[in-house]
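Observations on the three-dimensional arrangement
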Amino acid sequence: MYLPIVASLFSYICVLLAVAFFTLLERKGLSYIQIRKGPNKVGTMGLPQPLADAAKLLAKEIAKPTTANYSPYFMAPIFSFILALLLWQLYPMIFSTYYFKWGILFFLCVSSLNVYGTLLAGWASNSKYALLGSLRAIAQTISYEVSMALILLFPLFLASSFNFMEIVEEQGILWLVFLMAPAAFLWFVTCIAETNRAPFDFAEGESELVSGFNIEYGSAGFALIFLAEYANILVMSLFTSILFFGGNQMIMFESDLMLVLKISFFAFLFIWVRASYPRFRYDLLMGLTWKSFLPSALVLLLLVSMLMFIQL
């Protein structure tokens, strides 16, 4: 009776630990790419640094802006954090408690709800910088979700299923990236924009918005927003591995290790892109999705549909 609850709690704890040490990897990676040292004062090589940061944020006093709308202000980080954890129930692994037959539909529904957490955080803070950051994030996320949904149709056509596990099984011989490399590239860039990461981090533009939609948050609220953002990065790396790079057949331990290596590689690509490219202009960002990604995805989808029709 309690086994599914214990399994879910254990998997969530593992996710939180992975997110914590992914922040350390990002700080170390960015520092070495910029030829400097990262965190190295706390413990051996700075390994306990994420735990120290978490203790510091959770122990700080929770600030309450006098003009904020308190209920949505406190609910927004919790809402974003819950949505980020929900996505980790999609892929059937050892500690999964539910196997979703309509996993991709659930993924689209949950990812589309993420904009509400950002909207609540920006609007409830009652700050012009937070509101502008949230509006920019909403416009960006909605724009890229259109092309993301179209790109998701490629593996759906291949497997004729909404189940992630069946998509993995269809790639037992040949990974989908070898058949649809342009679609895989569009998917990865869309994942970067969907998670508001550099060079598409317009929701957190320091030069014009100070810190964006989370400017009024500190202590535990900021920690939850931070955890939700990095959990989304890892889960998008997981879905990239599943949809285009074979995922994991769950046959032996080596396959589990291979999946972890794939996720780690794509998560590091997020860091590498952040260190390599400056922030886009906002009009270039919106033009990229509406004038480039959307037509390209439609043309590729039409091509794949014609090939499947000819094959049938």
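Residues numbered from 1 in each chain as written. Predicted model: local features only at pLDDT ≥ 70, side-chain atom pairs only at ≥ 80, totals over all residues. Heavy atoms only, no water.

The name that an unreviewed UniProt entry assigns to the protein chain is NADH-ubiquinone oxidoreductase chain 1, with the source organism given as Pseudocleopatra dartevellei. According to the UniProt record, the Sequence similarities (unreviewed entry) comment for the protein chain reads "Belongs to the complex I subunit 1 family." Entered under Catalytic activity (unreviewed entry) in the UniProt record, the comment concerning the protein chain runs "a ubiquinone + NADH + 5 H(+)(in) = a ubiquinol + NAD(+) + 4 H(+)(out)". (UniProt positions renumbered as here; feature names shortened; annotations may be inferred.)

1. Here's the deal with empty space enclosed by the protein
Enumeration according to the criterion identifies 1 cavity of 30 Å³ or more in this entry. Approximately 360 Å³ is the volume found for the largest cavity. Lining the largest cavity are 25 residues, with N114, T118, E194, N196 and N232 positioned closest to its centre. Among the secondary structure elements, those contributing two or more residues to the lining of the largest cavity are α3 (70-86), α4 (103-124), α5 (128-159) and α9 (219-244). If one sorts the elements of the lining of the largest cavity by residue count, α4 sits on top with 7 residues. Looking at the lining of the largest cavity residue by residue, the class counts come to 13 nonpolar, 9 polar and 3 charged. (1 Å grid on protein atoms, 1.4 Å probe; cavity = no way out; pocket = protein on both sides within 12 Å on 5 of 7 lines; lining within 4 Å. Points joined across faces, edges and corners; volume = space filled by probe spheres on them. Helix = DSSP H or I, 4+ residues; strand = E, 2+ residues; numbered from the N terminus. Nonpolar A, V, L, I, M, F, W, Y, C, P; charged D, E, K, R; others polar.)

2. So, the packing of aromatic side chains
All chains considered together, the criterion is met by 21 aromatic pairs. Relative to F226, the ring of F222 has its centre 5.7 Å away and its plane inclined at 20°; by these criteria the two rings are stacked. Of the two residues, F222 and F226 are both situated in helix α9; the distance of 4 residues between them amounts to about one turn of the helix. Counting every residue linked through ring pairs, the aromatic cluster contains W175, F178, F188, F245, F265, F266 and F270. (Phe/Tyr/Trp six-rings, centres within 6.5 Å; stacked < 30°, edge-to-face > 60°.)

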